[in-house]
Amino acid sequence: MTSKLDQLKQFTTVVADTGDIDAIARLKPVDATTNPSLLLKAAALPRYAELLKQAVAASKGDVDLASDRFGVTVGREILQVIPGRISTEVDARLSFDTQATLSRAKRLVELYEEAGVSRERILIKIASTWEGIRAAEQLEKSGVQTNLTLLFSFAQARACADAGAFLISPFVGRIYDWYKKAEGRDYVGAEDPGVQSVTRIYDYYKAQGHKTVVMGASFRNVGQIEQLAGCDRLTISPELLQQLADDNGPLERKLNTEVSGQSEARISESQFRWDMNEDAMATEKLAEGIRGFARDQEKLEKLLTANS
């Protein structure tokens, strides 16, 4: 029997959640994603040392620009070994500023195009705040497709679909982490709150006819991945991809498009904010995620400055 990874690829697009080109080349995903934390790890790899220096030299002391250039450089390298797209993230510190997010997103697109990469091969990652979702809506209308990340709630998912986002990244593992700590118990299989969250969003999107792609992210174990087999896309770490590649057991498709439901109106800003207020897990994990990415962004900038 073929590996679980090969079986998964039959009904789900597999994406590598890493900046490690060697791992990507070995495991052969369709797409890849990066974020400030992954770029920070990539910056410490010997193969990126020269590219880091080049990004700094080309930016003439502008550390924000150097950071964007390095992210694009890593993305371009990854695109040479995958057939699909790379997701590159806007500075998390801009998560509550629609116009600033738009400006940085447009600069990332311009840097990619200067590097010979067309916008059809990139997704701009933006945190799923109300302001970030509004920026994504404008980008989508201008022909730049987006990946709405740090998504933990159904309200966020509704707003992203209303905005016409190309793709969302609900964070399975971080939802699981919160409930495991809050409830003092472990979760396995279909009872996992992270799995349940993505399943609900997926079924809602298919029932409503939304075109936004659901890409489960932030997995803690292969059991979570197996429970979401059939999801549009899953972005998976090299370690878990390898575990799937080494396992030749059977893999059953869990999610499918044969669902139905009543049409719902567009979610308002006040409803979005209230729903988020009522969801302690989503509120805490969104804030925590933004802070974490912001701290890693700052560490990356210090590293870039040290190379200037």
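About the cut-offs
Residues numbered from 1 in each chain as written. Predicted model: local features only at pLDDT ≥ 70, side-chain atom pairs only at ≥ 80, totals over all residues. Heavy atoms only, no water. UniProt positions renumbered as here; feature names shortened; annotations may be inferred. Axes fitted to C-alpha atoms, helices over the stretch in contact; angles between N-to-C directions. Helix = DSSP H or I, 4+ residues; strand = E, 2+ residues; numbered from the N terminus. Parallel < 35°, antiparallel > 145°, perpendicular 65-115°, else oblique. Left-handed = near helix turned anticlockwise from the far one by under 90°. Contact = heavy atoms within 4.5 Å. Nonpolar A, V, L, I, M, F, W, Y, C, P; charged D, E, K, R; others polar. Salt bridge = Lys/Arg side-chain N within 4 Å of Asp/Glu carboxyl O. Buried < 20%, exposed > 50% of the residue type's maximum accessible area, 1.4 Å probe, protein only. Phe/Tyr/Trp six-rings, centres within 6.5 Å; stacked < 30°, edge-to-face > 60°. Lys NZ or Arg CZ within 6 Å of the ring centre and 35° of its normal.

- Per an unreviewed UniProt entry, the protein chain goes by Transaldolase and derives from Pseudomonas straminea.
- Among the UniProt annotations of the protein chain, the heading Subcellular location (unreviewed entry) holds the following wording: "Cytoplasm".
- The UniProt entry for the protein chain carries the following comment under Pathway (unreviewed entry): "Carbohydrate degradation; pentose phosphate pathway; D-glyceraldehyde 3-phosphate and beta-D-fructose 6-phosphate from D-ribose 5-phosphate and D-xylulose 5-phosphate (non-oxidative stage): step 2/3."

1. Regarding the packing of helix α8 (residues 154-162) against helix α10 (residues 193-208)
And then number 1: Between α8 and α10, whose axes approach to 10 Å, the crossing angle comes to 30°. One way to sum up the angle between α8 and α10 is to call them roughly parallel. Here the hand of the crossing between α8 and α10 comes out right-handed. Counting all contacts with α8, which are made through F154, A157, R158, C160 and A161, the residues of α10 involved are R200, I201, Y204 and Y205.
And then number 2: Looking at side-chain class alone, the contact of α8 with α10 contains seven nonpolar, no polar and two charged residues.

2. Section: the pattern of salt bridges
And then number 1: Within this structure, the stated rule accounts for 24 salt bridges.
And then number 2: Across the pair D68 and R104 runs a salt bridge, and its minimum N-O distance is 2.9 Å. Here D68 is found in helix α5 (residues 63-79), whereas its partner R104 is found in helix α6 (residues 98-114), with 36 residues between them in sequence.
And then number 3: With a relative accessible area of 5%, D68 lands in the buried category.
And then number 4: Between E137 and R266 there is a salt bridge, with its nearest N and O atoms 2.8 Å apart. Separated by 129 residues along the polypeptide, E137 in helix α7 (residues 130-141) and R266 in the loop between α12 (238-246) and α13 (269-278) bring together distant segments of the chain.
And then number 5: For R266, a relative accessible area of 48% corresponds to the partly exposed category.
And then number 6: Connected through salt bridges with shared partners, the residues D68, D91, R93, R104, R107 and E301 form a single ionic network.

3. Description of the packing of helix α9 (residues 172-183) against α10
And then number 1: The geometry of α9 relative to α10 is characterised by a closest axis approach of 7 Å and an angle of 135° between their N-to-C directions. In this view, α9 runs oblique relative to α10, as classed from their interaxial angle. Residue-level contacts link V172, I175, Y176 and Y179 of α9 to P193, G194, V195, S197 and V198 of α10.
And then number 2: When grouped by side-chain class, the residues that make up the contact of α9 with α10 number seven nonpolar, two polar and no charged.

4. A short note on the packing of aromatic side chains
And then number 1: Tallying each qualifying case throughout the model produces six aromatic pairs.
And then number 2: On the numbers, 5.6 Å between centres and 65° between planes, the contact of F152 with F171 is edge-to-face. Taken as a pair, F152 in the loop between β5 (146-151) and α8 and F171 in the loop between β6 (167-170) and α9 lie far apart in primary sequence, 19 residues in all. Just as F152 is buried, F171 falls in that class too.
And then number 3: Between Y204 and Y205 the ring centres are 6.2 Å apart and the planes differ by 50°, which places this aromatic pair in the tilted class. For the pair shown, Y204 and Y205 are each scored as buried.
And then number 4: Connected via pairs of aromatic rings, a cluster forms that spans F154, Y204 and Y205.
And then number 5: A cation sits over an aromatic face here: R85 above F166, 4.8 Å from the ring centre.

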